[in-house]
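Working through the structure, step by step
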Amino acid sequence: MSNRRGPDFETRMAEDEEIPPSPQFVEQATVTDDSVSDEFEENWPDCWARAAATLDWFDPYESVLPDDEPPFEWFAGGTLNACYNCVDRHVEAGAENRVAIKWESHLGETRTYTYQDLYREVNEFAAALRAQGVEADDVVTLYMPMIPELPIAMLACARIGAPHNVVFAGLSADALATRLESADSVFLVTCDGYYRRGSAIFLKSKADDARLKAAHDLEEMVVVEHLGETEHLGAGQHTYEELVAAHAGAEVAPVERAADDVLFLIHTSGTTGEPKRVEHVTGGYLAHVAWTSQTVLDLDPEDTYLCTANIGWISGHSYVVYGPLALGATAVMYEGTPNYPERDRIWDLIEENAVDVFYTAPTAIRSFMKWDTSLPASRDLSSLRLLGTVGEPIDPRAWHWYYEHIGNGNCPIVDTWWQTETGGMMITTLPGVEKMKPGSAGPPLPGVGARVVDGRGEEVPVNEAGYLVLTRPWPGMPLALRHGHRWGEEAAKLDVDGWHYFTGDGAKVDDDGYITVLGRVDDVINVSGHRLGTMEIESAIVGVEGVVEAAVVSVDDAEAGGIHAYVTLETGVSGDDDLRERIAAHVRERIGPIATPDAVVFTPDLPKTRSGKIMRRFLENITNGEEFGDTSALQNPEIVGELESIVRDG
Ligand code: WTA
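The rules behind each value
- Residues numbered from 1 in each chain as written.
- Predicted model: local features only at pLDDT ≥ 70, side-chain atom pairs only at ≥ 80, totals over all residues.
- Heavy atoms only, no water.
- Helix = DSSP H or I, 4+ residues; strand = E, 2+ residues; numbered from the N terminus.
- Rg over C-alpha atoms; globule rule 2.2 N^0.38 Å.
- Buried < 20%, exposed > 50% of the residue type's maximum accessible area, 1.4 Å probe, protein only.
- Contact = heavy atoms within 4.5 Å.
- Areas by Shrake-Rupley, 256 points an atom, 1.4 Å probe, with all protein chains shown as cover.
- Near = heavy atom within 4 Å.
- Polar contact = N/O pair within 3.5 Å; in protein donor to acceptor, adjacent residues only side chain to side chain.
- pLDDT = per-residue confidence, 0-100.
- Disulfide = S-S within 2.5 Å.
- Axes fitted to C-alpha atoms, helices over the stretch in contact; angles between N-to-C directions.
- Parallel < 35°, antiparallel > 145°, perpendicular 65-115°, else oblique.
- Left-handed = near helix turned anticlockwise from the far one by under 90°.
- Pairing = 2+ DSSP bridges.
- UniProt positions renumbered as here; feature names shortened; annotations may be inferred.
- Core = buried A, V, L, I, M, F, W, Y, C linked by side-chain atoms within 4.5 Å.

Under an unreviewed UniProt entry, the protein chain has the name Acetate--CoA ligase and belongs to Haloferax volcanii.

In structure tokens form, the structure reads like this:
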């Protein structure tokens with residue numbers, strides 16, 4: 001098992017506190033009937049019809065899940081359109097004046113889109129994309145920061161059946177080029193630039209670099225004029241504003257998509273050096289995120305909701321855009337980071353917009369805690385009804401702080417475990433039904449199968465650590481798993497009977513069936529809520545002249561930075577600050593600033609097994625000042641002690 005343990009790991013292991021949801025919450029909750037789990041159990045897989053019922057289908061599906069073997073064709077025979085479900089149907093139902101997206105810039109500018117406004121602009125941009133030659137199943141890459149044109153472009157793509165491929169704006173030109181190639185995408189929507197913590201970032205010039213680096217030609221590029229800096233447009237490049245104006249008032253019929261047609265592609269980090277391409281399909285994915293937004297986030301159409309996730313990652317796709325808009329709720333979209341320009345910006349947003357439901361990540365909660373608690377206390381947060389977290393384990397101390405200082409002791413917290421690969425939430429309490437246990441995500445959602453097993457696939461005893469596997473297909477599962485592919489080399493190592501998906505996480509289960517997720521056990525690390533592959537970063541470091549080998553690990557103490565790199569050099573090359581800077585610059589160029597190591601340690605060797613595999617576990621122990629276990633399986637056990645003194649003596 002990995003040793004990626006937060007400082008409160010022991011507390012978490014010992015914790016068995018139980019907190020029921022407040023009666024005020026339960027009284028109004030969407031799901032309050034505790035028979036829901038039994039009902040799902042008895043009626044599996046047809047129980048998932050309840051998720052599909054949150055959507056409008058053009059043709060009804062014939063079967064929820066025709067077969068219990070791959071291919072898993074969720075809602076087979078059904079047709080629908082995701083944009084129609086997120087926009088048109090709310091307008092048709094008379095909610096055209098309800099706010100769909102309230103955008104807040106970090107400088108205090110706001111923009112409000114009612115469902116009618118969203119309908120108009122999505123249609124105009126869909127018409128513009130069509131006119132650029134985009135057809136159903138053409139992949140459109142969106143390389144954009146948190147501006148309203150990003151969800152508008154996603155919905156416009158969905159409308160015409162063109163899968164989108166959103167690339168996080170913080171990634172580099174090289175990373176964009178790789179993702180354009182991986183998606184075989186010749187259409188790109190970007191923006192001139194944006195401000196990040198006060199400095200301008202010129203996205204268009206990064207997109208132009210990517211265009212030169214990509215192995216195939218980009219046919220069309222659309223540039224949103226966010227900074228008003230779009231002066232140099234080349235052939236095949238247009239401004240968003242000009243295209244939308246040219247299609248003013250246009251309407252495009254939503255394209256009928258089969259439940260299994262791809263809605264979007266998204267790239268995440270896996271265990272190899274290449275980004276992992278995940279494809280989500282229209283019917284199952286949308287049903288999964290709409291259903292969980294309703295039952296777990298407890299969202300009603302009347303609710304105002306704030307999720308701090310960036311739309312560049314899966315959390316933003318599922319719970320800034322598709323889930324809340326499918327339900328017809330009001331989503332507040334914040335352009336900046338929680339601590340810029342002021343540390344109370346988020347509390348301002350909650351107060352000003354009377355936010356009902358707030359969903360964020362433990363890394364943000366830890367920063368809020370570190371800052372002054374009087375900041376949230378000086379705001380009126382009484383509109384809040386429910387709080388959520390996602391992205392990494394939340395330790396009980398942060399959990400309690402969130403519960404008391406933000407939720408005033410009466411908003412339930414849903415600690416939702418899920419991944420890019422699952423599309424939507426999988427393990428969490430149902431807030432109107434189940435008690436909370438701080439530090440533990442909760443039981444699998446009704447209809448979800450999860451187990452914690454050892455390497456032989458045997459269920460581990462209560463409260464012992466093992467591997468988290470999902471044992472039943474679920475509606476939001478991506479294309480590869482639907483088709484029966486097993487992802488990742490680790491999957492093959494586990495000897496579990498029957499169909500299963502290995503999540504890459506370690507976990508333990510208590511005697512109530514509550515699952516506590518302990519963190520990744522594969523070569524993926526989680527740094528300030530960003531999912532990164534160690535191999536990706538190491539390949540970038542090894543690309544620097546003079547470097548022979550590299551191993552990166554994550555640091556538990558966020559104050560000490562996120563990533564430390566251990567690097568060996570060619571004979572005669574000196575490990576100095578100049579080389580450290582070249583390594584950092586190269587990682588920034590290959591992947592982006594989020595992956596840049598905070599410390600580079602030069603070492604004569606790396607701890608390796610006899611077969612030559614680098615044992616990162618020992619490096620994690622050294623980095624985090626932990627005891628390291630038995631080194632006798634190493635071919636070079638002496639290096640562990642040597643490295644420890646290099647790190648200790650700085
Ligand atoms: C981690 C983000 C503990 C986990 C939606 C998972 C969590 C990875 C939780 C997926 C949670 C997510 N408790 N760990 N509530 N939620 N994780 O693909 O390690 O960016 O495998 O998806 O985040 O990260 P991804």
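Past the structure itself, the notes keep going.
This paragraph deals with the overall build of the protein chain. Broken down by element type, the protein chain carries 22 helices and 27 strands. Taking 26 Å as the expected radius of gyration for a compact globule of 650 residues, we find that the protein chain reaches 24 Å, a close match to that expectation. Principal axes of the C-alpha set define a box for the protein chain whose edges measure 70 × 60 × 55 Å. For the protein chain, buried positions account for 61% of its 650 residues. Of the contacts made within the protein chain by residues no fewer than 6 positions apart, 71% connect residues no fewer than 24 positions apart. For the protein chain, the exposed area adds up to about 24000 Å²; of that, 45% sits on carbon and sulfur atoms.

Looking at the ligand, there are 17 residues lining it, with Asp415, Thr416, Thr420, Asp505 and Arg531 nearest. At a separation of 2.9 Å, an oxygen atom of the ligand approaches a polar side-chain atom of Gln419. Here an oxygen atom of the ligand and a side-chain polar atom of Arg520 are 2.9 Å apart. Calculation on the ligand without its partners gives an accessible area of 530 Å², and the protein chains cover 94% of this total. When residues of the shell around the ligand are traced back to their parent elements, those giving at least two are helix H12 (314-327) and strand S22 (515-520).

Here the focus is the confidence of the model for the protein chain. Note that predicted coordinates carrying low pLDDT should not be read in detail. Considering every residue of the protein chain, the mean pLDDT works out to 92; 96% of them sit at 70 or more. Note that residues 1-14 has pLDDT below 50 and, in this model, 41 contacts with residues that lie over four places away or in other chains.

Turning our attention to the state of the cysteines. Disulfides are covalent bonds that connect the sulfur atoms of two cysteines. This model, assessed by the stated rule, comprises zero disulfides. Lacking any disulfide linkage, Cys411 is separated from the closest cysteine sulfur, that of Cys307, by 16 Å.

Attention now moves to the packing of helix H5 (residues 82-92) against helix H6 (residues 115-131). Following both chains from N to C, one finds H5 and H6 inclined at 130 degrees, their axes separated by 9 Å at the closest point. Classified by the angle between their axes, H5 and H6 sit oblique to one another. The handedness of the crossing between H5 and H6 comes out as left-handed. For the pair H5 and H6, the contacting residues are Cys83, Cys86, Val87, Asp88, His90 and Val91 in the first and Tyr115, Gln116, Leu118, Tyr119 and Val122 in the second.

Moving on, we come to the pairing of strand S21 (residues 501-509). Of all nine residues in S21, eight are buried; the element is thus mostly enclosed. What sits between S21 and S22 in their antiparallel hairpin is a turn of five residues, with Gly513 showing a positive phi close to 85 degrees.

The residues that UniProt annotates with the feature "domain: Acetyl-coenzyme A synthetase N-terminal" (unreviewed entry) are residues 38-86. When the span residues 38-86 is considered, its composition is 29% helix and 4% strand, and the gap between its end C-alpha atoms is 30 Å.

Moving on, we get to the environment of Leu176. Tracing the backbone through its elements, the reader meets Leu176 in helix H8 (residues 173-183). On a C-alpha basis, the gap between Leu176 and Cys86 in space is 28 Å, while along the polypeptide they are 90 residues apart. Setting aside residues up to four positions removed in sequence, Leu176 forms contacts with Thr141, Tyr143, Val167, Leu188, Ala207 and Ala210.

A separate point is the sheet that holds strand S15 (residues 330-334). Strand order in this open sheet of seven strands is S3-S2-S15-S14-S16-S17-S18, and the pairing throughout is mixed. Of all strands in the sheet, those with a lone pairing partner are strand S3 (110-114) and strand S18 (413-415), marking the two edges. Neighbour-to-neighbour, the strand axes of this sheet turn through a mean angle of 15 degrees, independent of strand direction. Strand direction decides the pairing type here: strand S2 (residues 99-104) and S3, joined by five bridges, are antiparallel. Following the sheet pairing, Val99 is matched in S3 by Thr114.

Turning next to helix H13 (residues 345-353). Burial runs high along H13: seven of the nine residues are buried. Immediately beyond the C-terminal end of H13, within one or two residues, lies Ala354, with a positive phi of roughly 45 degrees.

Counting 159 residues, the largest nonpolar core has Trp48, Phe125, Leu297, Tyr322, Ile537 and Ile541 as its most contacted members. Per-element tally for this core: the top contributor is H6, with nine residues. If near-sequence neighbours (up to four positions away) are discounted, Tyr322 is found in contact with Ala82, Cys86, Met154, Leu155, Ala158, His164, Leu263, Phe264, Tyr285, Leu286, Val289 and His317. Membership of the second largest hydrophobic core comes to 28 residues, among which are Ile350, Ile365, Ile406 and Ile413.

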